[in-house]
Amino acid sequence: MKPNRRKGCSDMWFGFSRFLFSTGKFGLLLAIFLLQLVTLPLFEGKVASGFLSDLLFVLLLAGAANSVKDNRYFRLVLFLGGLSLLGVVVCYFTENISVLLVTSVVYLAYLGFVTVLIALDVGRDARINVDNVMGGLCVYILIGVFWATLFSMLETASPGSFDFGRHGAHLGLVQSGTLLYYYSFTTLMTIGFGDVVPMSHMAQTLSILEGLVGQFYLVFFMASLVGRYIAGKQND
């Protein structure tokens with residue numbers, strides 16, 4: 001890549017990052033999601049990947065909590081987030097399945113609670129701005145993360161719930177978790193490629209439910225949000 005082209009890409013990325021951070025609390029959360037999406041594949045298979053993954057996990061917890069800091073349930077959010085972080089630390093010292101499952105349940109409670117709070121916060125505003133639209137997008141992404149955690153918990157509790165096909169038959173927790181994260185979003189967006197297949201009835205049911213929730217959310221909630229935003233801009 002030529003120097004001027006590389007500089008142009010760099011300037012465009014930093015400009016986009018400044019835009020996200022300047023839009024408000026939801027822009028910050030969206031920036032953390034994008035950072036996680038872009039950086040993790042660059043460190044795949046390297047020693048630093050585990051540390052980076054956990055660091056981004058902490059940033060995600062902090063960003064999600066920051067997005068609801070003005071809510072009356074903020075202390076409960078902090079409590080659940082702290083328990084989730086404690087669970088991750090404990091998992092460094094043990095591979096006990098029960099501990100992993102309890103940590104996953106706490107994290108699911110945190111994700112679900114924050115997702116609902118953000119959706120209510122975004123939906124009840126009379127005037128929709130760019131930050132609200134980004135909040136709606138954050139809810140969509142959080143739904144994918146919620147289901148990815150649910151899939152990982154199911155595979156941990158009942159190995160063989162998913163067939164990873166060409167990716168290998170005997171995968172570790174990190175590898176299977178990464179693939180189920182990818183599977184969750186391809187299911188949410190209904191663009192599944194068939195390389196990860198739900199095998200058990202529970203896995204199939206959860207996959208169907210995620211697809212239904214994802215489509216319902218886009219068709220009704222996000223479409224309504226964007227429509228109100230455009231209408232507000234036209235009335236200005």
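Please refer to the structure placed before this passage.
Residues numbered from 1 in each chain as written. Predicted model: local features only at pLDDT ≥ 70, side-chain atom pairs only at ≥ 80, totals over all residues. Heavy atoms only, no water.

Each pair of aromatic rings is reported with the distance of its centres and the angle of its planes. Scanning the entire structure with this criterion turns up 10 aromatic pairs. Each ring, one from phenylalanine 146 and one from tryptophan 147, has its centre 5.7 Å from the other, and the planes form 65 degrees; the classification is edge-to-face. Accessibility expressed as a relative area gives 22% for phenylalanine 146, which makes it partly exposed. Where tyrosine 181 meets phenylalanine 185, the ring centres are 5.2 Å apart and the plane angle is 50 degrees; that geometry is what we call tilted. Taken as a pair, tyrosine 181 and phenylalanine 185 lie in helix H7 (residues 173-188) at a separation of four residues, close to a single helical turn. With relative accessibility at 28%, the residue tyrosine 181 sits in the partly exposed group. In textbook terms, an aromatic cluster arises when at least three aromatic residues are bridged by ring pairs, as seen for Tyr140, Tyr217 and Phe221. (Phe/Tyr/Trp six-rings, centres within 6.5 Å; stacked < 30°, edge-to-face > 60°. Buried < 20%, exposed > 50% of the residue type's maximum accessible area, 1.4 Å probe, protein only. Helix = DSSP H or I, 4+ residues; strand = E, 2+ residues; numbered from the N terminus.)

This part takes up the environment of alanine 148. Inspection of the secondary structure assignment puts alanine 148 in helix H6 (residues 130-157). For alanine 148, a relative accessible area of 4% puts it in the buried group. In this structure alanine 148 touches Leu180, Tyr181 and Ser184, once residues within four positions along its chain are discounted. (Contact = heavy atoms within 4.5 Å.)

Honestly, that's just the spatial picture; any functional story needs more than this.
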